[in-house]
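What follows is the residue order along each chain.
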Amino acid sequence: MSCLSMDELIRLSLDSGAPEEWQAHVRDCARCSQRSQTFVELLRQTADAHRVFEERTVDGRSRLMTALIAEDSPPKPLPKFWRIVMNRRNWLISASSAAMIAGVIVWNLISVPSVALADALKKMKESKSFSCVMSQWDGGKTDGPTNDLTIKLIWASPGYLRSDIVVKDSIQSSFIMPHDSAGLVIDHKDKKYQVIEKSQMGEQEKHAANIFQTLATYPAGDEKPSGIDEIDGVKSPRFDLLLNQRKSMEGEWDFRVWVHPETKRPLRVDFNIVPKEAKSDVRLIYRLEKFAWDIKTDDLFDTTPPKDYRNATLAKDEAIDMSTKQIVAFLGEYKVKFGTYPKAKRIDPVKIGAELDKLGKDKAKLTTVQGLVLMGVLQTLSKDAVYHGEKVGPDDKAKVLFRWKLEDGKYRVIFGDLQAETVTMEKLKTLEEK
Amino acid sequence: MNSADETDADRVAKTLRGDREAFARLYDRYAKIVRAIVFATDHNRDACEDRTQESFLRAYRQLNTLNDPAKFGAWVAGIARQVAREHARVRRPPSLNGSVAAQTPPGLPVDKEDELDHLRGLVSQLPEEERIAVHAFFLNEQDVTSTSALLNRSRSGTYAILQRAIKRLAQWFGAQDRSEDAKR
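Let us look at the structure shown here.

Calculation rules
Residues numbered from 1 in each chain as written. Chains lettered and ligands numbered in written order. Predicted model: local features only at pLDDT ≥ 70, side-chain atom pairs only at ≥ 80, totals over all residues. Heavy atoms only, no water. Helix = DSSP H or I, 4+ residues; strand = E, 2+ residues; numbered from the N terminus. Buried < 20%, exposed > 50% of the residue type's maximum accessible area, 1.4 Å probe, protein only. Contact = heavy atoms within 4.5 Å. Areas by Shrake-Rupley, 256 points an atom, 1.4 Å probe, with all protein chains shown as cover. Core = buried A, V, L, I, M, F, W, Y, C linked by side-chain atoms within 4.5 Å. Pairing = 2+ DSSP bridges. Salt bridge = Lys/Arg side-chain N within 4 Å of Asp/Glu carboxyl O. Axes fitted to C-alpha atoms, helices over the stretch in contact; angles between N-to-C directions. Parallel < 35°, antiparallel > 145°, perpendicular 65-115°, else oblique. Left-handed = near helix turned anticlockwise from the far one by under 90°. Nonpolar A, V, L, I, M, F, W, Y, C, P; charged D, E, K, R; others polar.

All right, on to the overall build of chain A then. Scanning chain A from terminus to terminus reveals 12 helices and 16 strands. For chain A, the proportion of its 434 residues judged to be buried stands at 50%. If you take every contact in chain A between residues at least 6 apart in sequence, the share linking residues at least 24 apart comes to 54%. With an accessible surface of roughly 21,600 Å², chain A has 50% of that area assigned to carbon and sulfur atoms.

This brings us to the nonpolar core. In this structure, Phe23, Phe56, Phe72 and Ile166 of chain B are the most contacted members of the largest nonpolar core, which totals 75 residues. Among the elements that take part in this core, helix α2 (residues 20-39) of chain B stands out by supplying 12 residues, more than any other. If we skip the residues at most four places from it in the chain, Phe23 of chain B touches Leu64 and Leu68 of chain A together with Thr15, Phe56, Ala59, Tyr60 and Phe72 of chain B. With 21 residues, the next largest nonpolar core counts Leu378, Ala385, Tyr387 and Ile414 of chain A among its residues.

Okay, the environment of Tyr27 of chain B next. Along the chain, the position of Tyr27 of chain B falls in helix α2. Residues Tyr27 of chain B and Gln53 of chain B lie 26 residues apart in sequence; the distance between their C-alpha atoms is 9.5 Å.

This part is about the sheet that holds strand β13 (residues 386-387) of chain A. An order of β13-β14-β15-β16 (chain A) is seen for the four strands of this open sheet, with the pairing classed as antiparallel. The sheet terminates laterally at β13 and β16 (420-423) of chain A, the two strands that pair on one side only.

Under the definition given, this model contains 32 salt bridges over all chains. A salt bridge links Arg27 of chain A to Glu20 of chain A; its shortest N-O distance comes to 3.0 Å. Its relative accessible area of 58% is what places Arg27 of chain A among the exposed residues. Overall, Glu20 of chain A belongs to the partly exposed group, its relative accessible area being 47%. If you follow the salt bridges from partner to partner, you end up with Glu6, Asp8, Arg11, Lys14, Arg25 and Arg29 of chain B in one network.

Let us look at the packing of helix α1 (residues 6-14) of chain A against helix α9 (residues 155-173) of chain B. Two numbers describe how α1 of chain A lies on α9 of chain B: the axes approach to 10 Å, and their chain directions differ by 115°. What the angle tells us is that α1 of chain A and α9 of chain B run roughly perpendicular. Relative to α9 of chain B, α1 of chain A is oriented so that their crossing is right-handed. Every residue of α9 of chain B that contacts α1 of chain A at Met6, Asp7, Ile10, Arg11 and Leu14 of chain A is listed here: Tyr159, Leu162, Gln163, Ile166 and Lys167 of chain B. Classifying every residue of the contact of α1 of chain A with α9 of chain B gives six nonpolar, one polar and three charged.

With that settled, the discussion passes to the pairing of strand β15 (residues 411-415) of chain A. Residue and element names in this part refer to chain A. Taken across its five residues, β15 has five buried, putting it largely inside the fold. Both strand β14 (residues 400-405) and β15 contribute to a ladder of five bridges, which runs antiparallel. The partner of Trp404 across the bridge, within β15, is Arg412. Between β14 and β15, which pair antiparallel in sequence order, lie five residues; one of them, Gly409, sits at a positive phi of approximately 90°. Alignment of β15 against β16, held across four bridges, turns out to be antiparallel. When the bridges of β16 are listed, Val413 appears paired with Glu421. Between β15 and the antiparallel strand that follows it, β16, lie four residues; Leu418 among them carries a positive phi value of about 70°.

The values are spatial; any link to function lies outside them.
Have a look at this one:
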């Protein structure tokens, strides 16, 4: 056997399971033995150099324990589903896509005419049910989704929606949203479930439902394809569509629909999420593809909790307290950083998220981000969620800064000094007259 | 449960139930790797202790966001990297193009402790993944299984990273020259 290479000698010094013939050679070859000793010695010295990091552990431990006494216990972990949904990046995207979807799908798409697109969506309308897979792609990338997470969406007439969050081919969570009753979030990993009232539906699910509902009820038009692309071996007309414009300029699009030339059904739908105020690194594409039509949905929308799963549903009061805590956390942090509250009529999570990001090192806490997005969501979903940041500041102790309506008809109010109270509609009127 | 059987996931679960001692046991296990990671950007021992403390406090406050409690080690190492980056001194590190040893002022290292300091300095200049692999390997009794768990890598992938790191260190440290002399 010839003398070992440097790589082989290093591997031999690192790995006692290296090939026996290497070991035998080093035993028999004086030169390789000497060379090997060089690396063995280097490893010994590197090990010695690391001993310093093992010192002070006892001192450090005492110091940490002292610091922990002043800390609250860590908050209870969120179910996996909500951890994914409440991920800061996902929230920003969600918030921006919410604005876009509300703008594009519900309002603007209706005014964009197209023949072939209309044909496709007519087919969609005729369908009783369908499923597709949603993935997230970086804006400029074409080599694969941004992460291992995909969401399988299943829609059925007249408005049922189920989403299964899949990570590396394993279902982590399911969200079942019937069109007319409470929904269910199932955390398969931790074997827990939460019942979600209609009023507590998540942002993404509501708008995903809007996408399908609107696509499925889209009226006819006469738009011509912007191009033809090959998708899964099928040459498919592509429709590039822009917000607030009837026709797209060359290369511009906010969302795209590819249609199968024979079945006339959508093969793929892309949403180009580029919030103007946000940092460029949140530019992403949400892609819907792998559509299947008229699928069997027998048990898919059953909201009976799975056997042996634990109920982790928050009581209503707990949910209200948590929401209040998140919103106060956001407003409080914004005040600390900027001296006052956002001066606006509406809370724009993308714009304010970008402002907070500009502060650089001192990143916002999760609770803060949740509060920010929650305010945006509440305002998007209900006209009863009102923000008075244009007129109310930190010194306006008794003035209403933000309020939203609760299920029982009362209002949750957060005042200028960030104290919170639940009040009747009559008392709210009095407070808002101040 | 016997403490020897206690896993990181158990310790995380206990911490989330309010058991601070369980978190201290996580500290006992991972303080050394966190200390080594933050050392890369500031060689001052007291500053390293501060960064280590900060890393664990952040971990404690964010523990509810940890997706996989069994991966606490890799997670807290990520927090330490972030803390280190935030506190990195504004200075350009020496070139890593293979001639670090040659840039060392003449006369250093002069004794054993200097030599170890010098070696720690070289390790801290390795590319991040190689550096963390070296720290994890040498702070876990040169056990590749623990190292690969911390790196979220396969065993073969971990060996490949370690091999690159040792080769680079040997080059910088002059060990490669001695090895090649022996070959000749």
